Amino acid sequence: MKSRKKTSLKKRSSKKTVASRTAKPVQSKSKKKSTTATKKSKPRSSSSVILSAQKTPSSVITPMIRALLDSAASGILVIDHQRRIVAVNAKFCDLFNADEPTLTSWKESDLVMRFTSLVREAERFTKERDLIDNENYIVSDEIEFTHMSGRFFLRQILPIPDERGKIVGRLWKFRDVTYERHIAVVYRDIEKKKFEFEEKNQELENAYRRLEEMRRDVVEANQLKSQFLSNMSHELRTPLNSIMALSSILLARMDGELTEEQEKQIRIIEKSGKNLLALINDILDLSKIESGKMDVFFAEYAVREFADSIRMTVLPMVRESNLEMEVDVDETLDIHSTDENKLKQILLNLLSNAIKFTPHGKVRLQVRPTKFADVLEFSVIDTGIGIDRENYEKIFDPFRQLDGSATRKYGGTGLGLAVTKRMVELLGGKISVESEIGKGSTFKFILPAKKRGDSSKPFSAQEIEAMFTRKQDEADQLITDSAIDSAKKTVLLVDDDKETLYAFRKYFEEEHYNILFAQDGETALVKSAQYRPNVITLDIMMPRKDGWEVLQELKKNPDTKNIPVAIVSMIDNKKLGYSLGTSDYLVKPVQRDAFMKRIQKLTEMKGLRKILIVDDDLSQAELIEEILESDDFLSEVATSGEKAIQAARRKSYDLVILDLMMPQIDGFAVLSSLQSDPITQNLPVLVLTGKLLTQEDHRKLSGNHYYIFQKSAFSREKLLEQIHRIMEAERNAAKP
């Protein structure tokens, strides 16, 4: 039996021996007869068998009684009428690290004295010293006490009567209930957690009900807004129609001649009325679309005749602006089907915008078929002022004005394109824009054919996207590897989307790269090993092998493991990407300038700087992560000191940003571990702290590569300034 780490009941001064457990009691024949007679006359109780006042301590424990005692689950001591311990079972010895020879040399008073130093409830045993001399003293209820080792026991003191009912001894019984107590504590914790969970669940239900009420309020408010706009538009149009009608009567001179100045004034009134009417119509259309009350009437129309009618409508505006107007309709087009009035409004909105923002040059309407049957692509092309790329999505927002100075110069409320986009979508199409500042813009939208009562399945987003020609044939032809010029850097573009590869090719051609393409994972691995490019852009969702598999195999191959890889994907899982070894991670869609800037850094000798953030507060860590990413740093987060130490040993970082106050392994211990390890001893550490450091704190912060940043001075600019200063200092220190 293994020894237990607990206070022993052994007593050095007592070394008396006891009779063998199996020693048979010596009795005279007369005694035997007397006993037999007694048994026949009156059966004994089970407890009276243990002790008899006429028997000596060495003779009372028979083999059968010994077996019963040792098989008991509780620890048991047997006390005779002289207050001597005459038997101890194995369970008691095990519980209290005692041995039977020592214990059987004690009296009951010795046991009580010893227990005062073994339990935390010593006063209870102290009081029992005087009580145990009373032969009738018993404790039938189980009383709990705590051992110095932290274990819990229940104790009883039970009487042992002889055959006549006289108490001739006592039985001390001990039961270890430590496990039950721990189970009870765990159960209470579970019950507490359950109660907290139910409270949280109730709070969530209440929050959900509040959000549902708010949603209904928002829906109702939106309906009221649309109703108000509709009513307001109708109310405004009634007097406006009168103004315009009277203006036309005056200009027709139906009531007499006008002076030149009067005619000029009336024409200004008429023009202003038309502008106001257009604004009111836009507001009314927008409110109808948002409320789902815009009616659509599909019918067939002749494409060429329709395009000519559009040209005739806008021709006066074109001439007034001294521009040229072109209409280019593909010869193969004949009959199409959609809501002709809505299509006319869409094109007039786009052409009006093109004319308005084109100081000189020309405006062009182009209609082309797509590779999908009965789907047309309409393009309105101008040579105007152009639109900044970052504003492509904003221009379709209602009332959005990108430039106040342009608004003052050209006029407008920002509703035209918003209404146009919603009408295109209402007809089942999709609109996009391509533009360049100072060179002009191209608005394209595709429109599927629909007939009255058509209930065919609507096009999916992927099908709609594929309907745009966008130089598709040219893209197919240009997705071929360029000739390798050893004087240029080489990029491997890995993506199964030809449109993306075509766009990326345009980006890298301007920067004079050798360009390689791979539209699946297997091809990417082959070309990576064959050409050893300077950088790889990698999509995740691809056939045959996805990007995760490709990245892992690239990093396992000695020939490709050092090639920097930038994941460019719709999937946003930076944590997994960085853990697998990617050098950078960009989520589509990407802005050209930012994309090329980060790729350029990857092709440099050291690539992007990587920083490990160590903080158990995730909100604080995410804030720092956003600040670092805004300055093109790569970052990873470790939420505990142990994880930070493991990550720093396993990966290469340029800097560690370390919070001092963390549970378990705090910042002091992390810094000490990093600086005592040969692998990480030269890794610079920026310590973040919100408290004033004492002399003892400074003593703990040992080493030469740590820097302190007070959280009280925290700001994006100051943090980045400190980081750049540290890296510059480390670079200078590394120079020979």
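Refer to the preceding data block for the structure.
A short tour of the structure in this document, coming up. These numbers were taken from a predicted model, which means no experiment stands behind them.

Before going further, it helps to spend a moment on the packing of aromatic side chains. Where two aromatic rings form a pair, the distance of their centres and the angle of their planes describe that pair. A complete count under the given rule lists 17 aromatic pairs for this structure. Taking 6.1 Å as the distance between ring centres and 90° as the angle between the ring planes, the aromatic pair formed by F145 and F174 counts as edge-to-face. Taken together, the residues span a long stretch of sequence, with F145 in strand 3 (residues 139–146) and F174 in strand 5 (residues 167–176) at a distance of 29 residues. Each member of the pair F145 and F174 is classed as buried. Among the aromatic residues, those joined into a cluster by ring pairs are F92, F96, F115, F145, F153, W172 and F174. When the ring centre of W172 is taken as origin, the NZ or CZ atom of R155, which lies over that ring, is 5.1 Å away.

This next bit is on the pairing of strand 21 (residues 685–689). The side chains of a regular strand alternate, residue by residue, between the two faces of the sheet. Of all five residues that make up strand 21, five are buried, and the element is covered over most of its length. Going residue by residue along strand 21, you find V685, V687 and T689 tucked away on one face and L686 and L688 tucked away on the opposite face as well. Where the polypeptide runs from strand 20 (residues 655–659) across helix 22 (residues 667–676) and back to strand 21, its parallel neighbour, the crossover connection is right-handed.

What follows is about the pairing of strand 5. Of the pairings in the sheet, the one linking strand 1 (residues 75–79) to strand 5 comprises five bridges and is antiparallel in character. Within strand 5, the residue paired with G75 across the bridge is F174. Across nine bridges, the pairing between strand 4 (residues 152–161) and strand 5 is antiparallel. Its bridge partner lying in strand 5, I157 is registered against W172. With antiparallel pairing between neighbouring strands as the criterion, strand 4 and strand 5 make up a hairpin whose turn holds five residues, including G165 at a positive phi of roughly 90°.

Moving on, we get to helix 5 (residues 108–115). Taken residue by residue, helix 5 has E108, L111, V112 and F115 as its buried positions. Around the axis of helix 5, the buried residues are gathered within 100° of arc, so they sit on the same side.

The subject of this paragraph is the packing of helix 9 (residues 303–320) against helix 10 (residues 340–356). Axis separation between helix 9 and helix 10 bottoms out at 10 Å; the angle between their running directions is 35°. Crossing hand, helix 9 versus helix 10: right-handed. Across from F306, I310, T313, V314, M317 and V318 in helix 9, the residues of helix 10 making contact are E340, L343, K344, L347, L348, L351, S352 and I355. Classifying every residue of the contact of helix 9 with helix 10 by side-chain character gives 10 nonpolar, two polar and two charged.

Here S379 shows up in strand 10 (residues 375–382). Of the residues examined, S379 reaches a relative accessible area of 1% and is grouped as buried. Setting aside anything within four residues of it in sequence, one finds S379 in contact with R364, L365, Q366, T442, F443 and K444.

Since there are 3.6 residues in each turn of an α-helix, residues three or four apart along the chain are aligned in direction. With 18 residues, helix 9 should reach 26 Å at 1.5 Å per residue; the first-to-last C-alpha distance of 26 Å fits that figure. For helix 9, the principal kink sits at V314 and spans about 45°; a proline, P316, occurs within the next four residues. Residues V303, F306, A307, I310, V314, L315 and V318 constitute the buried set of helix 9. Tucked into the core, helix 9 has its buried residues touching strand 6 (299–302), strand 7 (324–329), strand 8 (335–338), helix 10, strand 9 (362–369) and strand 10. Remark: N322 follows helix 9 within two positions and exhibits a positive phi of approximately 60°.

The next subject is unusual backbone geometry. Note: most peptide bonds trans; most residues except glycine with negative phi. For N322, which is not glycine, the phi torsion reads 60° and is therefore positive. Structurally, the position occupied by N322 is in the loop between helix 9 and strand 7. For N322, a relative accessible area of 68% corresponds to the exposed category. Positive phi, close to 60°, is recorded for H512, a residue that is not glycine. Here H512 lies in the loop between helix 15 (498–510) and strand 14 (514–518).

Tallied over the entire structure, the rule returns 26 salt bridges. A salt bridge links D162 to R164; the nearest nitrogen and oxygen atoms lie 3.5 Å apart. Under the relative-accessibility criterion, R164 is labelled exposed at 57%. Its salt-bridge partner being K421, residue E425 comes within 2.7 Å of it at the nearest N-O pair.

Where strands meet in a sheet, backbone hydrogen bonds hold them as pairs that are either parallel or antiparallel. Pairing within the open sheet is parallel, and its five strands lie in the order 14-13-15-16-17. In this open sheet, the two edge strands, each paired with only one partner strand, are strand 14 and strand 17 (584–587). Put simply, the sheet's adjacent strands are angled 20° from each other on average, direction ignored. The sheet contact formed by strand 16 (residues 565–569) and strand 17 spans four bridges and is parallel. Across the sheet, S569 pairs through a bridge with V587, a residue of strand 17. In the packing of helix 17 (residues 547–556) onto the sheet, the strands contacted are strand 15 (535–538), strand 16 and strand 17, and the crossing angle to strand 16 comes to about 180°.

One can describe the packing of helix 16 (residues 521–531) onto helix 17 by two numbers: an axis separation of 10 Å at closest approach and a directional angle of 20°. The angle between helix 16 and helix 17 falls in the class roughly parallel. The element helix 16 and its partner helix 17 pack so that their crossing is right-handed. Taken together, the residues of helix 17 that come into contact with helix 16 (itself represented by G521, A524, L525 and S528) are V550, E553 and L554. For the contact of helix 16 with helix 17, the residue count by class is four nonpolar, two polar and one charged.

Calculation criteria
Residues numbered from 1 in each chain as written. Predicted model: local features only at pLDDT ≥ 70, side-chain atom pairs only at ≥ 80, totals over all residues. Heavy atoms only, no water. Phe/Tyr/Trp six-rings, centres within 6.5 Å; stacked < 30°, edge-to-face > 60°. Helix = DSSP H or I, 4+ residues; strand = E, 2+ residues; numbered from the N terminus. Buried < 20%, exposed > 50% of the residue type's maximum accessible area, 1.4 Å probe, protein only. Lys NZ or Arg CZ within 6 Å of the ring centre and 35° of its normal. Right-handed = clockwise from strand over helix to strand, strands pointing away. Pairing = 2+ DSSP bridges. Arc of directions from axis to C-beta. Axes fitted to C-alpha atoms, helices over the stretch in contact; angles between N-to-C directions. Left-handed = near helix turned anticlockwise from the far one by under 90°. Contact = heavy atoms within 4.5 Å. Nonpolar A, V, L, I, M, F, W, Y, C, P; charged D, E, K, R; others polar. Expected span 1.5 Å × (residues − 1). Bend = angle between axes of the 7 residues up to and from the residue. Salt bridge = Lys/Arg side-chain N within 4 Å of Asp/Glu carboxyl O. Parallel < 35°, antiparallel > 145°, perpendicular 65-115°, else oblique.

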